Amino acid sequence: MPEGHTLHRLARLHQRRLAGGAVRVSSPQGKFADGAARVDGHVLVRAQAYGKHLLHEYDSGLVVHVHLGLYGAFTESTLPMGEPVGQVRMRMFGTGRDGSGFGTDLRGPTACEVLLPPEVDALLDRLGPDPLRRDADPDLAWQRIRRSRRPIGSLLMDQRVIAGVGNVYRAEVLFRHGISPERPGTAVTADAWDAIWADLIALMQVGVRRGKMHVVRPEHDHGAPAYAADRPRTYVYRRVGEPCRICATPVVHSVLEGRNLFWCPGCQPG
């Protein structure tokens, strides 16, 4: 599932290329036909992201909410766009403030729906602070963490606690701070939380700029290759059985609340 930096990159792209102009919206697949008709031809005022949610705000007051889920993806196109390929849930095209034509197709999202402002407020009220947003208040997450006996590895993935963090950032930020993912929230110190939050901001901002998650410090970015040819190296994510890049202890794997968990027993003692 795409993590928060991916949605923020999309929001910035759509804001730059489409905002400020009338946008044609359709649903070649048909599943979003009614919603598309409600916003088609309206001016896109703002595109923004909150955690793993993308919001397109139109001059009518309506908001298109997209959650990519496991399989959702946008593909970009120049104008004129060709015939839709595959199951396109939503097609958007127009000319924004930059004056260049731009089109994009959305396939396979978990959610693609039109919301009224009160519904958007209700959605955002269910989410914790997003490290990539300037209005984020890390204390809101800390108050939930310090009172919970759930493992910190679970709390970091809970979108009600922190919005936008997924499995890769969860595994890697805990490794970078030497914290076992099984440590209860009540055993995480305020100083440790402050360091985790600051590191999440830095790592996710790199993800926004580069489009990929770079989590390994330069002095450790060598040796064993990444878990996939098109991915930068990680410390522990998807490196089960391989030696830790720091202490050479084999990386281990388990399942925590239904999600794969990776960590180094040497660098992250329980």
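All of these numbers come straight from a predicted model, not from anything done at the bench.

Trainee: Would you mind showing me how to read the UniProt feature "domain: FPG-type" (unreviewed entry) in the protein here?
Mentor: As annotated by UniProt and renumbered to match this structure, "domain: FPG-type" (unreviewed entry) occupies residues 235–269. Here residues 235–269 is 0% helix and 29% strand, with 15 Å between the C-alpha atoms at its ends.

Trainee: Looking at this model, I keep getting lost on the pattern of salt bridges. Mind explaining?
Mentor: Side chains that differ in sign of charge can pair as their charged atoms come close. Applying the stated criterion across every chain, the model contains 12 salt bridges. Here Arg 160 makes a salt bridge to Asp 158, at a shortest N to O gap of 2.9 Å. The partner of Arg 231 in a salt bridge is Asp 230, with the nearest N and O atoms 2.8 Å apart. Using a relative accessible area of 39% as the deciding quantity, one classes Arg 231 as partly exposed. Residues joined by salt bridges that share partners form a network here, namely Arg 150, Asp 158, Arg 160 and Glu 257.

Trainee: Looking at this structure, how should I read the domain arrangement of the protein?
Mentor: Often, the extent of an interface is quoted as the loss of accessible area upon association of its parts. With domains assigned, the protein is organised as domain 1 (4–126) and domain 2 (138–263). Taken over C-alpha atoms, the centre of domain 1 sits 30 Å from the centre of domain 2. Taken together, the contacts link nine residues of domain 1 with 14 residues of domain 2. For domain 1, the biggest contributors to the area lost against domain 2 are His 5, Arg 9 and Lys 52; these three give 62% of the whole.

Trainee: For this particular structure, what's the right way to read the UniProt feature "domain: Formamidopyrimidine-DNA glycosylase catalytic" (unreviewed entry) in the protein?
Mentor: Taking the UniProt record as the reference, the feature "domain: Formamidopyrimidine-DNA glycosylase catalytic" (unreviewed entry) is found at residues 2–94. With 23% helix and 37% strand, residues 2–94 has end C-alpha atoms that lie 25 Å from one another.

Trainee: How do you make sense of helix H1 (residues 4–17) when you look at a structure like this?
Mentor: Residue pairs three or four apart in sequence face the same way in an α-helix, which turns once every 3.6 residues. Here H1 contains 14 residues, and its C-alpha end-to-end distance of 20 Å stays within 8% of the 20 Å for a straight helix at 1.5 Å per residue. All of the buried residues in H1 are Gly 4, His 5, Leu 7, His 8, Leu 10, Ala 11, Leu 13, His 14 and Arg 17.

Trainee: I would appreciate a short explanation of the packing of helix H4 (residues 138–146) against helix H7 (residues 190–210) in the present structure.
Mentor: To characterise two packed helices, one gives the angle between the axes of the helices and the distance between these axes. Where H4 contacts H7, the two axes come as close as 11 Å, and the packing angle between them is 135°. In terms of their interaxial angle, H4 and H7 are classed as oblique. Of the two possible hands of crossing, H4 and H7 adopt the one that is right-handed. Only Ala 190, Trp 193 and Trp 197 of H7 make contact with H4, whose side of the interface consists of Pro 138, Ala 141, Trp 142 and Ile 145. Per-class residue counts for the contact of H4 with H7 are seven nonpolar, no polar and no charged.

Trainee: Can you help me understand unusual backbone geometry in this one?
Mentor: Excluding glycine, residues mostly have negative phi values, and the peptide bonds linking residues are mostly trans. Residues Leu 79 and Pro 80 are joined by a peptide bond in cis, for which omega reads 0°. Among the secondary structure elements, Pro 80 is positioned in the loop between strand E5 (73–77) and strand E6 (88–95). Its identity as a non-glycine residue notwithstanding, Glu 257 has a phi of 50°, on the positive side. Along the polypeptide, Glu 257 turns up in the loop between strand E9 (252–256) and strand E10 (259–263). Taking the relative accessible area as the measure of exposure, Glu 257 reaches 52% and is therefore exposed.

Trainee: Help me understand the pairing of E10 in this model?
Mentor: Looking along a regular strand, one sees the side chains alternate between the two faces of the sheet. Inspection of the sheet shows E9 paired to E10 by five bridges, in the antiparallel sense. When the bridges of E10 are listed, Val 252 appears paired with Trp 263. The antiparallel pairing of E9 with E10 creates a hairpin that spans two residues between the two strands, and Glu 257 there sits at a positive phi of about 50°.

Cut-offs applied
- Residues numbered from 1 in each chain as written.
- Predicted model: local features only at pLDDT ≥ 70, side-chain atom pairs only at ≥ 80, totals over all residues.
- Heavy atoms only, no water.
- UniProt positions renumbered as here; feature names shortened; annotations may be inferred.
- Helix = DSSP H or I, 4+ residues; strand = E, 2+ residues; numbered from the N terminus.
- Salt bridge = Lys/Arg side-chain N within 4 Å of Asp/Glu carboxyl O.
- Buried < 20%, exposed > 50% of the residue type's maximum accessible area, 1.4 Å probe, protein only.
- Domains from an automatic or database assignment.
- Contact = heavy atoms within 4.5 Å.
- Buried area = accessible area lost by both parts, 1.4 Å probe.
- Expected span 1.5 Å × (residues − 1).
- Axes fitted to C-alpha atoms, helices over the stretch in contact; angles between N-to-C directions.
- Parallel < 35°, antiparallel > 145°, perpendicular 65-115°, else oblique.
- Left-handed = near helix turned anticlockwise from the far one by under 90°.
- Nonpolar A, V, L, I, M, F, W, Y, C, P; charged D, E, K, R; others polar.
- Pairing = 2+ DSSP bridges.

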